[in-house]
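This is what each chain is made of:
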Amino acid sequence: MEDLLHRRYQTLGPYSPLFYSQPLEFVRAERVWLTAADGQRYLDGYNNVPHVGHAHPRVVEAIARQAATLNIHTRYLNDRVVDYAENLLATLDEPLDRIIFTNSGSESNDLALRIANQHSGSRGLLISDFSYHGHTQALAAATTGLTAHEGLGAHVRPIRIPDLDGADAAREEGEVLAAGLAEVDRAIASLQDAGHGVAAVLFDSLFSTEGLNRVPDGYVSGLAERVRRAGGLVIADEVQSGFGRTGTAFWGHQNHGIVPDLVTMGKPMGNGHPIGGVALPSALLDEFGPRNMYFNTFGGNPVSAAAGQAVLDVLAEEGLIDRARSMAGTIRSALTELRRSHPWIGPAKGKGLFFGFEVMDRPADEADAQPDPGRTREIVESVRARNVLISRIGRNDNVLKMRPPMAIEPGEAALLLETLSDALAADESLATSRRG
Ligand SMILES: Cc1ncc(COP(=O)(O)O)c(C=O)c1O
């Protein structure tokens, strides 16, 4: 292990993040179970890329069969690719009837921004004030939730996303909505006054990097309406919230009752095979297409299409989205129950199979309770020591992040929550002995 770590640093450098104080080396995985090099098995409560389960035989077989038959760049006709495009588009609402395939979430968001800039003739961009959408140069200039040396572009306006389960919990929902939308109005006016105009708003409809914020009803639709009125497009980043993760809809934005102008996707789309995409109405593509010779060597090749189609097939055949919805209620009740014995954790956050809660330094309902990132980190480590993988997110790094593959079964979700409960109890007795 030490040797591999050293060799990694000597080749990839020390800056690419690794989880945990003692990094884990995995050698294989199946469904929601990972096996480490030392033979120990871990329950995966964290990874959303192996969406329908690690090494799902249907996906593995589809990739292998297509790779053994034909894989070629995208300048030839191929029925698999078109079949997949039709099936994927069938999950989206009108008028989203075209798809451009890419290789990653970053590439999808970068392309969506390019389309929005050309459509609007502007560059002004609204973004959440704690978010991440990718690593290209354009996105680095719009990154608020991770370190990026570029700093924010002059054309970018971050807005604070309300959170009825967090910072705004004590306020009345209508008041939170009005304040949130007033901030959007100010950001739009500031872009216009500076001469940037408004090209787009780009947001993740689960607000996951932010910490799984629960926004007031009407916030996302109000945001979209204001951006469109100012001449901009609405870009829903579905890299985290898409493909049924929320259990209540195939796409996260559908939970907010809106149809975006551009939908970007990645991570779970190929169950680990690198494929992404941008869905858009034909009217937008017909504007962008003739002006740009857009060609993507790998994006949407036959092997990628085979992987993507297998994910859609498994989701439907195994009823994974319905199961996520039905498990979400049990998970939420268990998290609420945990709060009874551990008052220093906040209310259950998230939706479907993306859930968590804040960890505070004292009972969460005390007025001076503060986020406790150190304690959160210790809990994540303690859960890992019990052979379950979870992580943390949020602007204060104090929201526990649980986002297992959709293949998780109710008994395994129960094990995840029991392990969490044990780790919380251990943390509490440690905190008490430290105080004493
Ligand atoms: C919401 C969101 N959008 C975009 C990206 C970037 O995707 P990729 O790493 O595939 O480029 C990420 C990655 O974490 C993400 O969480």
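So, here's what we can say about the structure. (Residues numbered from 1 in each chain as written. Predicted model: local features only at pLDDT ≥ 70, side-chain atom pairs only at ≥ 80, totals over all residues. Heavy atoms only, no water.)

### Section: the packing of aromatic side chains
Formally: Classification of ring pairs rests on two measures: the distance between centres of Phe, Tyr or Trp rings, Trp counted by its six-membered ring, which must be within 6.5 Å, and the angle between planes, read as stacked under 30 degrees, edge-to-face over 60 and tilted in between. Remark: a charge is flagged as sitting over a ring if the NZ atom of Lys or the CZ atom of Arg is within 6 Å of the ring centre and within 35 degrees of the ring normal.
If you walk through the whole model with that rule in mind, you get 8 aromatic pairs. Aromatic ring contacts, followed pair by pair, group Phe19, Tyr20 and Tyr46 into a single cluster. Sitting over the ring of Phe295, Arg75 keeps its end group 3.9 Å from the ring centre. A cation sits over an aromatic face here: Arg403 above Tyr46, 4.5 Å from the ring centre.

### Structural notes on the sheet that holds strand S9 (residues 262–265)
Defined as follows: DSSP-based pairing: two strands are paired if at least 2 bridges between them are found. Runs of H or I in DSSP of at least four residues are treated as helices and runs of E of at least two as strands, each being numbered from the N terminus. Lines fitted to C-alpha atoms define the axes, with helix axes restricted to the stretch in contact, and inter-axis angles between N-to-C directions lie between 0 and 180 degrees. Every residue pair with non-hydrogen atoms within 4.5 Å of one another is taken to be in contact.
Pairing is mixed in the open sheet, where 7 strands are placed in the order S4-S10-S9-S8-S7-S5-S6. Of all strands in the sheet, those bounded by a partner on one side alone are strand S4 (96–102) and strand S6 (156–159). With direction set aside, neighbouring strand axes in the sheet form an average angle of 20°. As judged from the 3 bridges shared by strand S8 (residues 233–237) and S9, these two strands associate in the parallel manner. For Ile235, the partnering residue across the bridge sits in S9 and is Leu262. Along the sheet, helix H3 (residues 79–89) makes contact with S4 and S9, crossing S4 at roughly 130°. The strands that helix H7 (residues 219–229) touches are strand S5 (125–128), S6, strand S7 (200–204) and S8; relative to S7, the one it contacts most, it runs at about 160°.

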